[in-house]
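Working through the structure, step by step
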Amino acid sequence: MTQLSPARKPATGAPQEPVATTGKDNPKSLYGGTRSRRITVRDIAAAKERGEKWPMLTAYDAMTASVFDDAGIPVLLVGDSMGNCHLGYESTVPVTLDEITVLSAAVVRGTTRALVVADLPFGSYQEGPVQALRSATRLVKEAGVGAVKLEGGERSAHQVELLVSSGIPVMAHVGLTPQSVHAFGGYPVQGRGEEAAQQLLRDAKAVQDAGAFAVVLEAVPAELAAEVTRSLHVPTVGIGAGVECDAQVLVWTDMAGFTAGRVPKFVKQYLNLRELLGGAAKEFAEDVVGGAFPAAEHTFR
């Protein structure tokens, strides 16, 4: 099923110029580019046309967001994953719109370049388009986010359509939708089998046709995700969906090795932050107990 994207097809006939997709070769690149203004959904669309892949991370506070912004991460998601990794909930379901709004505002304040996308939490849009518009408007006005994300394909298409027509960019989320954990009975891979695959394709196309500027594909077989990516003219953002997606997202605490216990199969840990931070805390404690801190250089005279 895998096929090269248009930007990567081998040349036929006359030689083609290589597509510049990264930093020094293309100042408009999402990652590594030199633009100083906020990235917008128009930049995301242009990256799809160039065949440029780009990274996205979650963020939940100003300080962490500033680190990722300085690192050049072009899109930051204030995800309802904060429920699991920041607020101590067992799932994303208890997260409230108040909580999302406060933390989204912090992420916006901590960044100058990244497009900040905020999740619409469970219960803030399921009643219908009007409720979705009211919730999304609050995130845009009070928190200052540049876009919102909501879960669901065909069932959420009317919400997407009203938000977009009202001037609020929407990132959609299909496949494994964590807010439906109770209906799924856990977090199973989605789209296995012909019927399920066709439904996922319909879901992705429905939210695209409703106006979504990007579609997150979570826990989807790689070949199906590649087919969806080829079928859409908006970018796909994979999380456990293989390498053919246009972008990839991870929860930052998983990516940095801050999460305790088992992490999902699709996570690559780039750091063992939990061990590093724990070691620093122990060293501090031992210095205090042993009288080594504060030393003379840390004391006012």
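Heads up: the structure comes first, above all this text.
A brief structural summary. This is a predicted model, so every value here is computed, not measured.

Turning to the packing of helix α8 (residues 194–209) against helix α9 (residues 222–231), a few remarks are in order. Their axes nearest at 10 Å, the elements α8 and α9 cross at an angle of 35 degrees. By crossing handedness, the relation of α8 to α9 is classed as right-handed. Of the residues in α9, those in contact with A197, L200, L201, A204 and K205 of α8 are L224, E227, V228 and S231.

This part covers the nonpolar core. When a protein is soluble and globular, its nonpolar side chains tend to lie buried together. In terms of nonpolar packing, the biggest core is built from 60 residues, with L76, V148, L163 and L217 touching the most fellow members. If we skip the residues at most four places from it in the chain, L76 touches L57, A59, A65, F68, V107, T111, A114, L115, V116 and V117. Core analysis: the second largest hydrophobic core is formed by 19 residues, I39, L115, M171 and V237 among them.

This brings us to the pattern of salt bridges. A side chain of one charge can pair with a side chain of the opposite charge if their charged atoms are brought near each other. Using the criterion set out here, one finds 6 salt bridges in the structure. Of the charged contacts in the structure, one is a salt bridge between D246 and K48, with a shortest N-O distance of 2.8 Å. Here K48 lies in helix α1 (residues 41–50) and D246 lies in the loop between β7 (236–239) and β8 (247–250), a separation of 198 residues in the sequence. What makes K48 buried here is its relative accessible area of 18%. Where E52 meets R50, a salt bridge forms, and the shortest distance between an N and an O atom there is 2.4 Å. For the residue pair E52 and R50, the accessibility class agrees, reading buried in each case. Salt bridges linked by common partners bring D98, R138 and E142 together as one network.

Here the focus is the environment of V78. Within the element layout of this structure, V78 appears in strand β2 (residues 75–78). The exposure class assigned to V78 is buried, which follows from its relative accessible area of 0%. For the pair formed by V78 and Q126, sequence separation is 48 residues and the distance between their alpha carbons is 19 Å. Every residue in contact with V78, bar those within four places of it in the chain, is listed here: A59, I100, L103, S104, V107, V116, V117, A118 and D119.

Pairing between the strands of a sheet comes from backbone hydrogen bonds, and it takes one of two forms, parallel or antiparallel. Here 8 strands make up a closed barrel; going around it, the order is β1-β2-β3-β4-β5-β6-β7-β8 and the pairing parallel. The average angle at which neighbouring strand axes cross in this sheet is 25 degrees, direction not considered. Taken together, the 4 bridges between strand β1 (residues 54–58) and β8 define a ladder with parallel strand orientation. Note that in β8 the partner of L57 across the bridge is L250.

Attention now moves to a nonpolar patch on the surface. A contiguous nonpolar patch, built from Y270, L271 and L276 and spanning about 330 Å² of accessible area, is present on the exposed surface. Position of Y270 relative to the elements: it lies in the loop between α10 (252–255) and α11 (273–290). On the basis of relative accessibility, which here comes to 54%, the residue Y270 falls in the exposed class.

The subject of this paragraph is the environment of L87. Here L87 lies in the loop between α3 (82–85) and α4 (97–109). Sequence spacing of L87 and E99 is 12 residues, and the spatial spacing of their C-alpha atoms is 9.3 Å. In this structure L87 touches M82 and E99, once residues within four positions along its chain are discounted.

Below, the discussion takes up α4. Spanning 13 residues, α4 covers 18 Å between terminal C-alpha atoms, matching the ideal 18 Å at 1.5 Å per step. Those residues of α4 that sit buried are L97, I100, T101, L103, S104, A105, A106, V107 and V108. Buried residues along α4 sit in contact with α2 (62–70), β2, α3, β3 (115–119) and α5 (129–143).

Parameters and conventions
- Residues numbered from 1 in each chain as written.
- Predicted model: local features only at pLDDT ≥ 70, side-chain atom pairs only at ≥ 80, totals over all residues.
- Heavy atoms only, no water.
- Axes fitted to C-alpha atoms, helices over the stretch in contact; angles between N-to-C directions.
- Helix = DSSP H or I, 4+ residues; strand = E, 2+ residues; numbered from the N terminus.
- Left-handed = near helix turned anticlockwise from the far one by under 90°.
- Contact = heavy atoms within 4.5 Å.
- Core = buried A, V, L, I, M, F, W, Y, C linked by side-chain atoms within 4.5 Å.
- Buried < 20%, exposed > 50% of the residue type's maximum accessible area, 1.4 Å probe, protein only.
- Salt bridge = Lys/Arg side-chain N within 4 Å of Asp/Glu carboxyl O.
- Pairing = 2+ DSSP bridges.
- Patch = residues over 30% accessible without salt bridge, like charges linked within 9 Å, V, L, I, M, F, W, Y side chains within 5 Å.
- Areas by Shrake-Rupley, 256 points an atom, 1.4 Å probe, with all protein chains shown as cover.
- Expected span 1.5 Å × (residues − 1).

Function-wise, these values are silent; they only describe arrangement.
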